[in-house]
Amino acid sequence: KLNLDDEVHKFVPYFPRKKYPVRIRQLLGHLGGISHYRNYDLEGHFKYPKNTRESIAVFENFELIAEPGTRYQYSSYGFNLLGAVIEGASGKSYGEYMTENVWKPFGMKNTRLDNPLDIIPNRVKGYQVINGKVKHSEFVDISSRFAAGGLRSTVPDMLNFAKGLYEGKVLSEGSRNAMWSSQATKAGEYVGYGYGWGTSTGNGRFIVGHSGGQAETRTYLLVVPRKKFAAAVAINSESAFSANYARRLFEIVMEEPWQIRQYAKTKRERTILRGIDSAFDYGMRYYNQNARPRAKDNGDLSAAFKYFNDALNSSSAEIGKKFSKGIHPASKEASVKVVSHMADMLKREGKNLDTYYHGGALPFFGDYIKWYRSQ
C-alpha cells in the first residue's frame, strides 16, 4: 500500500506541508529533516496520555532542520511520523498493526504499547542516581512516543525480534538487506544508519544494532546476521551504558575482539594505520554482508586501487581526509572496493576470513601483499 519514496503527507494528510517534501525512506534513516526534541524539559516529561494526533501535534509546527536527504539528525519525532504513516496506510492503530504483523508472528508475547494503568505481570521499576543516591525514576507517560519508544518488552522478545528478521518471517531478503545497509546523504556520505538500524561495524563484521534510552531504562540489541548471533540488553537503571554489555557478550561468545587498536610510532604512521583500519572495517563488512566484492569490473577496481595508493602517498595532512572519504559514495567507495576485492582473492586462495576478525587489518593486508607478490 505504500512505497518508501512516497511523501508522508499521502498517508498523514493532517501533517503540515513543509518547505520540502518529506519521504518515508528519509524518515527511516533520520534524513527527513524532522527535528528531535527541542525543549526536553517539556517534551520529555509528559504526565498524561496522548493519542496519535496529539503526539504528532507536539512537533508538527517545527520547521525542518535541513532539506530532507542532506543531513542526518536522529529524531524520535520522525519515527512517530512513521507510526502515523502505518496507521494511515493500514487503517489500524499502530499497536494493533504491530501486534498482528510483527510481534505475534515473531513470538513476541510480552511486547506491547505501554499503559501505566494496566496491570502488567512482572512490570519492572526503573531507577536513577541523584547526587550519588539511587532513586526511583521520574514517572513519564510515554504514549507520546508511541512509535519511537512507547513500548514495554522483554529480553527474550528482543531476541525473538532478531531471530524473526533473520528467518525472514516478515521481510524479503532484499528488503532486509536494504534495511541493514547504510543510507547516504545527497552529497554521497554514508550516515551509518539504514532503515531503523545502526549499521556500523565491529572490526569488519557485518553487524547491526540499536540502543534505546528513556525514563526507567537503557536497552541495546546487537545482531551478527551471518553468525546467527544476537545479544539483547535491558537495564532498569538510567545510568547504565547498555552497549558495553552487548559488546562484551559478543567478545565472550564469538571469542574475538570488538575492536583492535594497533600501535604506530609516528603521527604519519598512525594516520595511515587509522586509514587502513577504516578501509578494513567497511570493506570486510561489505564482503561479509554481500558475499561478493564491491567493484563492478576491472576498470572500476583499478580506479579504486589508484585512489587508495594516492591516499597512502599523500602528505600527512591529506592522508586522513582521503581515507575518511574513501568509504563513502562520494569517492565511489574506493576503500570498500579495494578491501572487498582483497577479501575475495584471499578466500579464493583458501584463507579463512574469520582469522582476520581476530587479527585485524595488518595481517589481512600482509597476507594479501604476500599473495599478490607470489602471483
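Structure's up top.
Residues numbered from 1 in each chain as written. Predicted model: local features only at pLDDT ≥ 70, side-chain atom pairs only at ≥ 80, totals over all residues. Heavy atoms only, no water.

Caption draft 1: Quick look at helix H8 (residues 242-254). Across its 13 residues, H8 extends 18 Å between first and last C-alpha, which sits within 8% of the 18 Å expected from 1.5 Å per residue. Among all positions of H8, only Ser242, Ala243, Ala246, Phe250 and Met254 are buried. Considered in projection along H8, the buried side chains sweep an arc of 100° and stay on one side of the axis. With its phi angle positive at about 55°, Glu255 sits one or two positions after the end of H8. (Helix = DSSP H or I, 4+ residues; strand = E, 2+ residues; numbered from the N terminus. Expected span 1.5 Å × (residues − 1). Buried < 20%, exposed > 50% of the residue type's maximum accessible area, 1.4 Å probe, protein only. Arc of directions from axis to C-beta.)

Caption draft 2: The packing of aromatic side chains, seen in detail. Applying the stated criterion across every chain yields a total of 21 aromatic pairs. Note on Phe106 and Phe161: the rings are 5.9 Å apart at their centroids and 50° apart in plane angle, and the pair reads as tilted. You can see Phe106 sitting in the loop between helix H5 (94-103) and strand E1 (112-113) and its partner Phe161 sitting in helix H6 (residues 155-166), a full 55 residues away along the chain. Overall, Phe106 belongs to the buried group, its relative accessible area being 4%. Look at Trp180 and Trp197: their rings are 5.9 Å apart centre to centre, the planes differ by 85°, and that puts the pair in the edge-to-face class. With Trp180 in the loop between helix H7 (173-179) and strand E5 (208-214) and Trp197 in the loop between H7 and E5, the pair connects residues that are 17 residues apart, well separated along the chain. A relative accessible area of 3% places Trp180 in the buried class. Through a chain of ring-to-ring contacts, the aromatic side chains of Phe15, Tyr37, Tyr40, Phe59, Phe62 and Tyr77 assemble into a single cluster. Just above the ring of Phe62 sits the side chain of Arg38; from NZ or CZ to the centre is 4.5 Å. In this arrangement the basic side chain of Lys50 is found over the ring face of Phe46, its NZ or CZ atom lying 4.6 Å from the centre. (Phe/Tyr/Trp six-rings, centres within 6.5 Å; stacked < 30°, edge-to-face > 60°. Lys NZ or Arg CZ within 6 Å of the ring centre and 35° of its normal.)

Caption draft 3: Geometry of a positive patch on the surface. Taken together, the side chains of Arg261, Lys267, Arg270 and Arg274 define a basic patch exposed on the protein surface. With respect to the secondary-structure elements, Lys267 resides in helix H9 (residues 267-290). Taking relative accessible area as the criterion, Lys267 reaches 66% and is therefore assigned exposed. (Patch = residues over 30% accessible without salt bridge, like charges linked within 9 Å, V, L, I, M, F, W, Y side chains within 5 Å. Areas by Shrake-Rupley, 256 points an atom, 1.4 Å probe, with all protein chains shown as cover. Salt bridge = Lys/Arg side-chain N within 4 Å of Asp/Glu carboxyl O. Lys, Arg positive; Asp, Glu negative; His and termini not counted. Charge placed at Lys NZ, Arg CZ, Asp CG, Glu CD.)

Caption draft 4: Examining the environment of Tyr190 more closely. Take Tyr190: it is sitting in the loop between H7 and E5. Separated by 143 residues in sequence, Tyr190 and Glu333 have C-alpha atoms that sit 10.0 Å apart. Other than its neighbours up to four places away in sequence, Tyr190 contacts Ser182, Gln183, Ala184, Ile327, His328, Pro329 and Glu333. Within polar-contact distance, the side chain of Tyr190 engages the side chain of Glu333 at 3.0 Å. (Contact = heavy atoms within 4.5 Å. Polar contact = N/O pair within 3.5 Å; in protein donor to acceptor, adjacent residues only side chain to side chain.)

Caption draft 5: Structural detail: the sheet that holds strand E7 (residues 229-235). An order of E5-E6-E7 is seen for the three strands of this open sheet, with the pairing classed as antiparallel. Of all strands in the sheet, those with a lone pairing partner are E5 and E7, marking the two edges. On average, each strand axis in the sheet is tilted by 5° relative to the strand beside it, whichever way the strands run. H6 rests against strand E6 (217-224) and E7 of the sheet, and its axis sits at about 150° to E7. (Pairing = 2+ DSSP bridges. Axes fitted to C-alpha atoms, helices over the stretch in contact; angles between N-to-C directions.)

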